[in-house]
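Read off the chains here:
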Amino acid sequence: MLKKFWNSLNKKNDNTNEEIVEKDDLKAEEENLENAKTDEDINANDMNEDDKEVIEEESIVEKSVEENIEENIEENTEENTEETTLNDNVEADEIEELSLSQAESDMDEDEEQPQKNLGFFAKLKEGLSKTTQNLTGKLDELFKGHIEIDEELYEEIEEILITGDVGFETTLKIVDMLRKNVKKKSIQDVKDVREELKLIVEEILSGDDSNLKLEPKPAILVIVGVNGVGKTTSIGKIAMRLKSEGKSVLLAAGDTFRAAAAEQLEVWADRAGVELIKHQEGSDPSAVIFDAISGAKARNTDVLICDTAGRLHNKKNLMQELAKIFRIIDREYPEATKEVLLVIDATTGQNAINQVKIFKEAAPLTGIILTKLDGTAKGGVVLSIKSEQQLPIKLIGVGEKIEDLQDFNAKEFAKALFSSN
């Protein structure tokens, strides 16, 4: 590939040199015909010709390099397809994570736009509209078309739940519970099956404390997750929310691996009016956490929120890095109330389960932040995460605004999910 690249470059340079010689011959003829030109004009023309040569040569090199990069990208894509299942969000980093200029621009727009006067349930219902249409909308059509409760009804419910990203195991569990409850309660009307299904969903999602544990003070939140899922945005929104509640907050830029991660977090820190502890890009993440803990102690900070690297392509490095961070926290901040939250992009559907499994091996997870529910029809994955992984959903993102990162409430979620549009 390299040989092909250089041959192409040399061939194009030869053609360029021929063009330059021809231009020089024409230039000489023009000089003989236009004797009235001063030396200064001639020098200026020479300068322009030199500039053209440089620009042409740079354009050739640039084009060749771009072609070479495209070839490399195609090869690397073929070599790395095995990692797609666990790491399909990493390549989305440039799209999902705001650049510094975009973040500042979007923040300004949010402040200028009038806030919608929607209550908690209305916002949740609006955010779950795509999932509701995909999942409960199909269930409603199913119940309308069935006269009696039979095995065919249960099979079609299974199909709708599985295609709604509820997951195979969780679907079987739900339908099994539904059969038992229908028999136990002697339900005869098909319409009542829908209400029973809603109660089962609520029951599966309930049972754990979904509230953030920030007491007693001080508290430390460690945020983990792959790149592109909305970690930085989630941290910024949590910081602003806690600050508005009167709590003192300190941020730690522990993702020293991804380019500009600290700078993006700094934008949010400035907006929230909180301090940020950061080191140079590529430095030891645990050193950042150590300094942040020291800073939190010195400032008597209520809540320390720590960002972490989101790489999954090398699971061993991820585990070692996170393990070191948690050793630092346990040693230097044993008195702190600790939450370890995994950020999951709801649009990934069942792939989210794979991410949960990996991070459960690497970190002592205490809960989930589920983002981008408003942009997907795959909200059924909430049931899989809770049922199969036994982790409480702490926060859900149902929009772009600060207030759209909401506390998870199982009863309200089930109600919004099964509400008629």
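Further up the page is the structure itself.
What counts and how
Residues numbered from 1 in each chain as written. Predicted model: local features only at pLDDT ≥ 70, side-chain atom pairs only at ≥ 80, totals over all residues. Heavy atoms only, no water. Helix = DSSP H or I, 4+ residues; strand = E, 2+ residues; numbered from the N terminus. Buried < 20%, exposed > 50% of the residue type's maximum accessible area, 1.4 Å probe, protein only. Contact = heavy atoms within 4.5 Å. Areas by Shrake-Rupley, 256 points an atom, 1.4 Å probe, with all protein chains shown as cover. Expected span 1.5 Å × (residues − 1). Polar contact = N/O pair within 3.5 Å; in protein donor to acceptor, adjacent residues only side chain to side chain. Pairing = 2+ DSSP bridges. Right-handed = clockwise from strand over helix to strand, strands pointing away.

Asks: Explain the overall build of the chain here, please?
Replies: Within the chain one finds 18 helices and eight strands. Of all 421 residues assigned to the chain, the portion counted as buried reaches 46%. A separation of at least 24 residues holds for 78% of the contacts in the chain among residues at least 6 apart in sequence. Surface exposure of the chain reaches about 21,700 Å², of which carbon and sulfur atoms provide 47%.

Asks: Could you clarify how one ought to interpret helix H11 (residues 190-205) in this entry?
Replies: Helical geometry note: an α-helix holds 3.6 residues per turn, so side chains three or four residues apart project in the same direction. With 16 residues, H11 extends 24 Å between its outermost C-alpha atoms, agreeing within 8% with the 22 Å of an ideal straight helix rising 1.5 Å per residue. Of the positions making up H11, those classed as buried are Val190, Val193, Arg194, Glu196, Leu197, Lys198, Ile200, Val201, Glu202, Ile204 and Leu205. Buried residues along H11 sit against helix H8 (136-145), helix H9 (151-163), helix H10 (168-184), helix H17 (381-389) and helix H18 (410-417). One side-chain oxygen at the N-terminal end of H11 lies 3.0 Å from the backbone nitrogen of Lys191; it belongs to Asp189. Looking one or two places after H11, you find Gly207, whose phi comes out positive at around 105°.

Asks: Honestly, the pairing of strand S6 (residues 367-371) in this entry has me stumped. Any pointers?
Replies: Regular strands have side chains that alternate between both faces of the sheet. Most of S6 is tucked away: five of the five residues are buried. Residues Gly367, Ile369 and Thr371 point to one face of S6 and Ile368 and Leu370 to the other, with burial holding for every one of them. Examined bridge by bridge, strand S5 (residues 337-345) and S6 share five bridges and lie parallel to one another. What sits directly across from Ile344, in S6, is Leu370. Each parallel crossover has a hand, and for S5 linked through helix H16 (residues 351-362) to S6 it is right-handed. Alignment of S6 against strand S7 (residues 393-397), held across three bridges, turns out to be parallel. Each bridged residue has a counterpart across the sheet, and for Ile369 the counterpart in S7 is Leu395.

Any functional reading would require information beyond the geometric quantities listed.
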